[in-house]
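Structural overview for review
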Amino acid sequence: FHTPANTPHESKTMTATQNSTTLTASDEEKYGRTSPTTYKLTPTQIQTFHSTGLVTLPSVLSPAEVTEQIIPTFDRFLHRSIPVPGKDFCDMSKPFSTPFEEWSIVNCMLPTLYHPPFQNNIFEVLTRDIVRQLHPELDMMKDYDQLLNKRPGKRDAEFAWHQDMGYWPSPKVLGVEETAT
């Protein structure tokens, strides 16, 4: 599964007005974050995803989960206290020889590989639950994770909208029937 994001703290999504998702008082009791590990989608949210390719989901993570569980690990990567070898930690917008202080976009490939305690973090758990609701007919699993951080004050920290599927191995090469990014 994949969630479009420019940084760990920012993602581009449709607003609730754009996707016409409205919850009634009774919906709010049954949908959304219903337990520490469950985020229940409304039928409208599922339909919106399948018709437009995206949907805005409010309050998937609490502010406390972000500040206490996600940001501290991301900060450890950004401060280089979690070692990531070679080109798996780089600024892909500049030559690999560029000093770290001059990077504009910090790119850390496979953070859960290099820091196994971050595997199955709350974001992964909830995303897995959401993906299962969007594609119940598929046995999907995470294949890849990445941390991207636009450094403050870097005017050239641009990460244009793009699709990764053009770079991904085909289902035939992977030995599966379908892939999704």
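Here, every reference points to the structure presented above.
As a starting point, this report considers the structure included with it. Here the structure is a predicted model, which is why all the values come from computation and not from measurement. (Residues numbered from 1 in each chain as written. Predicted model: local features only at pLDDT ≥ 70, side-chain atom pairs only at ≥ 80, totals over all residues. Heavy atoms only, no water.)

Scanning the chain from N- to C-terminus turns up seven helices and five strands. Starting at the N terminus and ending at the C terminus, the chain contains elements arranged as α-α-β-β-α-α-β-β-α-α-β-α. By the burial criterion, 30% of the 181 residues in the chain qualify as buried. A fraction of 63% describes how many contacts in the chain between residues 6 or more apart in sequence connect residues 24 or more apart. Only carbon and sulfur atoms are counted for the fraction: they give 55% of the accessible area of the chain, which is about 11600 Å². (Helix = DSSP H or I, 4+ residues; strand = E, 2+ residues; numbered from the N terminus. Buried < 20%, exposed > 50% of the residue type's maximum accessible area, 1.4 Å probe, protein only. Contact = heavy atoms within 4.5 Å. Areas by Shrake-Rupley, 256 points an atom, 1.4 Å probe, with all protein chains shown as cover.)

Here we come to the environment of N121. Tracing the backbone through its elements, the reader meets N121 in the loop between α5 (111-114) and α6 (122-134). Judged by its relative accessible area of 11%, N121 falls in the buried class. In this structure the C-alpha to C-alpha distance between N121 and E65, which are 56 residues apart in sequence, comes to 9.8 Å. Only 2.9 Å separates the side chain of N121 from the backbone nitrogen of F123, close enough to count as a polar contact. (Polar contact = N/O pair within 3.5 Å; in protein donor to acceptor, adjacent residues only side chain to side chain.)

Our next topic: the environment of P72. The residue P72 is located in helix α4 (residues 63-78) in this model. On the basis of relative accessible area, P72 is assigned to the partly exposed category, the value being 35%.

Attention now moves to the side chain of N107. By secondary structure assignment, the location of N107 is in strand β4 (residues 105-109). N107 sits in the buried class, given a relative accessible area of 1%. Side-chain polar atoms of N107 contact the side chain of Q146, separated by 2.5 Å.

Turning next to α6. For α6, with 13 residues, the first-to-last C-alpha span of 18 Å sits near the 18 Å given by 1.5 Å per residue. Every buried residue belonging to α6 is among I122, E124, L126, T127, D129, I130, V131, Q133 and L134, and all of these are buried. Tucked inside the fold, the buried residues of α6 contact β1 (32-35), β2 (38-40), α3 (43-52), α4 and α5. One side-chain oxygen of the residue at the start of α6 lies 2.9 Å from the amide nitrogen of F123, identifying that residue as N121. (Expected span 1.5 Å × (residues − 1).)

Attention now moves to α4. The largest bend along α4 measures about 40° and falls at I71, with the proline P72 one to four residues further on. When we look at burial in α4, the residues that qualify are E65, I70, T73, F74, F77 and L78. Where the residues of α4 are buried, they touch β1, β3 (89-90), β4, α5, α6 and β5 (146-150). Positive backbone phi, at 65°, marks R80, one or two positions downstream of α4. (Bend = angle between axes of the 7 residues up to and from the residue.)

Strand pairing in a sheet relies on backbone hydrogen bonds, with the paired strands running either antiparallel or parallel. Read from one edge to the other, the open sheet built from three strands follows the order β3-β4-β5, with strand pairing classed as antiparallel. Where the open sheet ends on each side, the last strands, each with one partner, are β3 and β5. Relative to β5, β4 runs antiparallel, the two sharing five bridges. Bridged to V106 within β5 is N149. Each of β3, β4 and β5 is contacted by α4, which is oriented at about 75° to β5, the strand it contacts most. (Pairing = 2+ DSSP bridges. Axes fitted to C-alpha atoms, helices over the stretch in contact; angles between N-to-C directions.)

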